[in-house]
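Chains, contacts and geometry: an overview
The residues making up each chain are set out below.
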Amino acid sequence: MSIKQQKDKQEEKSISGCPKKAESKYAAQNNKRWSSLNNLLFRASNKFAPGPFDHEEENLDILQEEQRVLVVGAGGLGCEILKNLALSGFTDIEVIDLDIIDISNLNRQFLFREKDIGHPKAKIAAEFVMKRVPGCVIKWHQGKIQDKSESFYSKFNIVIAGLDNIEARRWLNSMLCDLVKKDEDGQIDANSIIPFIDGGTEGFSGQCRAFVPRLSACFECSVNLITPPKGFPECTIAVIPRRPEHCVAYAKKMVWAKLKTFTNAKEYEMMPDDTKNEDPPVFDADEIEHMSWVYNRACEWADKHKIQGVTYELTQQVVKNIIPAIASTNAIVSACCVNEAFKMLTWCSFGLNNWFQYGGQHGIYSPAVEFKKNDDCPVCSTPLVQYRMDRNEKFINLYHRIYHDEELKLQNPSISRDTGGTLWPKSKDRRPDFQQNLDKKIVELFDDDELLIVTDKAVLGDKAAKIRMEFVEDAKFVKECDGNCPFHELIKF
């Protein structure tokens with residue numbers, strides 16, 4: 001089974017669907033229905049719009065027929081984003097979210113009702129918006145964003161995220177940066193760039209950030225500015241807990257580590273108290289059985305110390321480091337996200353450059369700043385290389401090409417697949433185990449349009465170059481070599 005087939009099989013784990021499209025009874029009066037948008041899309045101006053904007057009557061049709069938007073997250077921000085997109089003229093939308101609806105969501109995620117508890121957030125949100133805004137089509141997916149392949153993300157014109165955790169943002173940012181390709185002249189192909197708009201809220205504060213992969217700062221460029229999650233001293237949570245949060249932290253940090261096996265929240269096996277567990281089960285904060293187990297253990301610890309207030313919602317907040325959301329902040333930030341998406345895709349106005357901050361806790365204070373690209377960013381500042389080679393070319397010729405790449409100028413490169421798996425190690429001691437790869441056809445080692453990760457400590461430091469491989473029939477790499485260049489020393493044993 002090829003890497004691509006394995007990925008497609010993994011993608012089948014997610015559940016998808018699309019509610020039946022509701023036709024608008026005003027379809028014949030489409031321009032009149034969106035007259036407020038026409039004021040922006042048909043306006044001739046070189047003062048309020050950038051150069052690429054062209055005020056044509058087809059702008060509305062292009063927006064509704066050619067622009068496809070992905071919304072990641074269908075929670076507090078995601079509900080608002082979906083509503084705003086539909087009411088801003090977008091008609092081709094997809095939404096992905098792993099969670100199901102809980103009663104605690106009903107106070108701010110306004111697309112959900114009590115009857116929806118236990119159903120996928122993405123499904124209910126899509127159904128609700130499509131019913132209220134006829135003509136809009138929203139396909140929904142329930143699953144992890146990591147389970148979707150490059151081909152899934154590459155079909156969108158823009159991605160808007162309303163996520164509640166840093167790890168998912170970093171993964172999505174890396175994916176969109178990796179999708180950027182070069183044209184035949186070696187320049188970045190503008191058609192491969194998928195803008196990424198990230199919204200986030202924290203109590204009365206919020207932010208909207210606009211990223212243009214490989215051209216502007218990316219999410220990873222500023223990850224060092226993120227405030228680390230709040231923790232609790234182990235002596236407090238294990239000996240003298242005083243608050244319900246301490247009980248949750250104890251269950252997650254100290255009791256989970258003693259698990260030997262885990263089947264579900266009621267079926268599990270613990271290690272003996274005097275035994276250290278070197279390999280406890282991996283905890284997944286999005287897995288209901290895992291979270292329920294932590295909640296049950298937290299309740300037991302709270303009962304023992306006569307502490308009240310441990311709830312399932314509190315358990316989620318402590319484990320995921322969630323700060324309770326405020327509906328009005330969600331509305332402000334999501335409106336900014338959709339406005340930026342609308343401007344990016346139509347060029348009807350100047351866009352955000354590139355970080356809008358809403359400081360609601362200090363009044364209505366909303367600065368916008370430009371965050372510079374980090375030249376040492378391991379995601380967007382890594383060399384972007386694209387090779388076109390015949391699928392039947394031998395791997396030794398690919399390695400020869402990488403070694404002689406005039407842009408990379410490597411000395412001792414190691415090569416691995418982005419999906420995992422070493423093709424050629426950096427250690428000479430390990431190379432005899434990979435010698436058989438040298439005479440294999442590259443199609444036997446990886447798939448068309450796959451990314452290869454190249455490292456070379458002496459040249460790239462802690463970074464890694466990414467090479468996108470494209471199989472083109474009869475494409476040849478020709479490099480004059482007398483057999484005495486340093487490359488040949490690297491493959492001797």
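Coordinates for the structure precede this section.
Residues numbered from 1 in each chain as written. Predicted model: local features only at pLDDT ≥ 70, side-chain atom pairs only at ≥ 80, totals over all residues. Heavy atoms only, no water.

A short note on the overall build of the protein chain
Using the following cut-off: Helix and strand labels come from DSSP, where a helix needs a run of H or I of at least four residues and a strand needs a run of E of at least two; each type is numbered from the N terminus. A radius of gyration in this sense is built from C-alpha atoms; the matching globule rule multiplies 2.2 Å by the number of residues raised to 0.38. Exposure classes here rest on a 1.4 Å probe applied to the protein chains alone. A residue is buried below 20% of its type maximum, exposed above 50%, and partly exposed in between. When checking whether two residues touch, look at their non-hydrogen atoms; a contact exists if any pair is within 4.5 Å. Using a 1.4 Å probe, the Shrake-Rupley method yields the accessible areas, and only the shown protein chains count as cover for residues. Charge counting follows a simple rule: Lys and Arg are positive, Asp and Glu are negative, and His as well as the terminal groups are ignored. One atom stands in for each charge, and that atom is NZ of Lys, CZ of Arg, CG of Asp or CD of Glu.
Tallying secondary structure elements over the protein chain gives 16 helices and 16 strands in all. In terms of overall dimensions, the protein chain is globule-like: its C-alpha atoms have a radius of gyration of 26 Å, near the 23 Å expected for 493 residues. A principal-axis box enclosing the C-alpha atoms of the protein chain has dimensions of 75 × 75 × 45 Å. The buried share of the protein chain, reckoned over its 493 residues, is 46%. Taking the contacts inside the protein chain whose residues are at least 6 apart along the sequence as the reference set, 66% of them involve residues at least 24 apart. Here the protein chain displays about 25500 Å² of accessible surface, and carbon together with sulfur accounts for 49% of that area. Taking the 65 positively charged and 73 negatively charged side chains of the protein chain as two groups, their mean positions are separated by 4 Å.

Examining the sheet that holds strand β16 (residues 465-471)
For clarity, the cut-off: What makes two strands pair is DSSP finding at least two bridges between them. Between the N-to-C directions of two axes lies an angle of 0 to 180 degrees, each axis being a line fitted to C-alpha atoms and, for a helix, fitted only over the stretch in contact.
The five strands are arranged β12-β16-β15-β13-β14 in an open sheet whose pairing can be described as mixed. The outermost strands of the open sheet, each flanked by one partner alone, are β12 (384-389) and β14 (422-424). Put simply, the sheet's adjacent strands are angled 30 degrees from each other on average, direction ignored. Relative to the sheet, helix α14 (residues 395-403) contacts β12, β13 (414-417), β14, β15 (451-455) and β16, its axis offset from that of β12 by approximately 145 degrees.

Some remarks on the packing of helix α10 (residues 244-255) against helix α12 (residues 312-319)
Just so we agree on the cut-off: An angle below 35 degrees is treated as roughly parallel, one above 145 as roughly antiparallel, one from 65 to 115 as roughly perpendicular, and anything else as oblique. When the near helix sits turned anticlockwise from the far one by under a right angle, the crossing is termed left-handed; a clockwise turn instead gives a right-handed crossing. We call Asp, Glu, Lys and Arg charged. Ala, Val, Leu, Ile, Met, Phe, Trp, Tyr, Cys and Pro are nonpolar, and the rest, Gly among them, are polar.
Contact geometry for α10 and α12: axes closest at 9 Å, N-to-C directions at 65 degrees. As far as their axial angle goes, α12 and α10 are roughly perpendicular. In this structure, the crossing between α10 and α12 has a hand that is right-handed. Contacts between α10 and α12 involve P244, E245, V248, A249 and K252 from the first element and L314, T315, V318 and V319 from the second. Class assignment of the residues belonging to the contact of α10 with α12 gives a composition of six nonpolar, one polar and two charged.

Some words on the state of the cysteines
Quick reminder of the rule: Throughout, disulfides are identified as pairs of cysteine sulfur atoms within 2.5 Å of each other.
Under the counting rule described, the total for this entry stands at zero disulfides. Here C337 is not disulfide-linked; the sulfur of C208 is the nearest cysteine sulfur, at 3.9 Å. Its relative accessible area of 0% is what places C337 among the buried residues. C380 carries a free sulfur, and the closest cysteine sulfur to it, the one in C221, is 3.4 Å from it. Exposure remark for C380: the relative accessible area of 3% places this residue in the buried category.

Let's talk about the packing of aromatic side chains
What counts here: Here a pair means two rings of Phe, Tyr or Trp (six-membered ring of Trp) with centres within 6.5 Å. Their orientation is stacked below 30 degrees between planes, edge-to-face above 60, and tilted elsewhere. For a ring to carry a charge above it, either NZ of a lysine or CZ of an arginine must fall within 6 Å of the ring centroid while also lying within 35 degrees of the normal to the ring plane.
Counting across every chain of the model gives 15 aromatic pairs. Measuring from centroid to centroid gives 6.0 Å for Y295 and Y312, while their planes differ by 80 degrees, and the two rings are edge-to-face. Within this pair, whereas Y295 is found in helix α11 (residues 288-304), its partner Y312 is found in helix α12, the two being separated by 17 residues in sequence. Since its relative accessible area comes to 22%, Y312 is described here as partly exposed. Each residue in the set W256, F262, Y268, F283 and W293 is aromatic and connected to the rest through ring pairs, giving one cluster. Over the face of the ring belonging to F283 we find K252, whose NZ or CZ atom lies 4.9 Å from the ring centre.

Considerations on the sheet that holds strand β10 (residues 355-359)
Strands sit in the order β1-β4-β3-β2-β5-β6-β7-β10-β11 across an open sheet of nine strands; the sheet is mixed. Of all strands in the sheet, those with a lone pairing partner are β1 (15-17) and β11 (368-369), marking the two edges. Bridging between β10 and β11 involves two bridges; their strand directions are antiparallel. Each bridged residue has a counterpart across the sheet, and for F356 the counterpart in β11 is A368. Each of β3 (92-97) and β4 (137-142) is contacted by helix α6 (residues 121-132), which is oriented at about 170 degrees to β4, the strand it contacts most. Where helix α8 (residues 166-178) meets the sheet, its contacts fall on β2 (69-72), β5 (158-161) and β6 (196-202), and the angle it forms with β6 comes to roughly 170 degrees.

Notes on the pairing of β15
Counting buried positions along β15 yields four of five residues, so the element is predominantly enclosed. Across four bridges, β13 lies against β15 in antiparallel orientation. Its bridge partner lying in β15, I415 is registered against V454.

Some details on the side chain of E94
Tracing the sequence through the fold places E94 in strand β3. Every residue in contact with E94, bar those within four places of it in the chain, is listed here: R68, V69, L70, V71, K139, H141, F152, K155 and F156.

Comments concerning unusual backbone geometry
Geometrically, the link from N353 to N354 is a cis peptide bond, its omega value of -10 degrees lying close to zero. Inspection of the secondary structure assignment puts N354 in the loop between α13 (327-346) and β10. The phi dihedral of D449 is positive, around 65 degrees, even though this residue is not glycine. One can find D449 in the loop between β14 and β15.

Concerning the nonpolar core
Applicable threshold: Note on terminology: a nonpolar core comprises buried Ala, Val, Leu, Ile, Met, Phe, Trp, Tyr and Cys residues joined through side-chain atoms within 4.5 Å.
L85 and I138 are the most contacted members of the largest nonpolar core, which totals 48 residues. Here this core takes seven residues from α13, the largest share from any one element. Once residues within four sequence positions are removed from consideration, L85 is found in contact with V69, V71, F90, I93, I160 and V338. Counting 24 residues, the second largest nonpolar core, distinct from the first, contains F395, L438, I442 and L445.

Notes on α6
As a reminder, the rule being used: By this rule, a helix spans an expected 1.5 Å times one less than how many residues it contains.
A rise of 1.5 Å per residue sets the reference length of α6, with its twelve residues, at 16 Å; its end C-alpha atoms lie 17 Å apart and thus fit the reference within 8%. For α6, the set of buried residues is K121, A122, I124, A125, A126, V129 and M130. Of the surrounding secondary structure, the elements contacted by the buried residues of α6 are α5 (76-87), β3 and β4.

Structural notes on the pairing of strand β8 (residues 259-262)
Two strands pair when backbone bridges link them, and β8 and strand β9 (residues 268-270) are joined in this way by three bridges, in the antiparallel orientation. Note that in β9 the partner of F262 across the bridge is Y268. The loop that links β8 with its antiparallel partner β9 comprises five residues.

Let's talk about the pattern of salt bridges
As a reminder of what qualifies: A pairing counts as a salt bridge when a side-chain nitrogen of Lys or Arg comes within 4 Å of a carboxyl oxygen of Asp or Glu.
Counted according to the given criterion, the structure contains 20 salt bridges. Across the pair K115 and D116 runs a salt bridge whose closest N-O atoms are separated by 3.2 Å. Looking at D116, the relative accessible area reads 5%, which means it is buried. Each of E150, K181, D449 and R468 takes part in one network of salt bridges that share partners.

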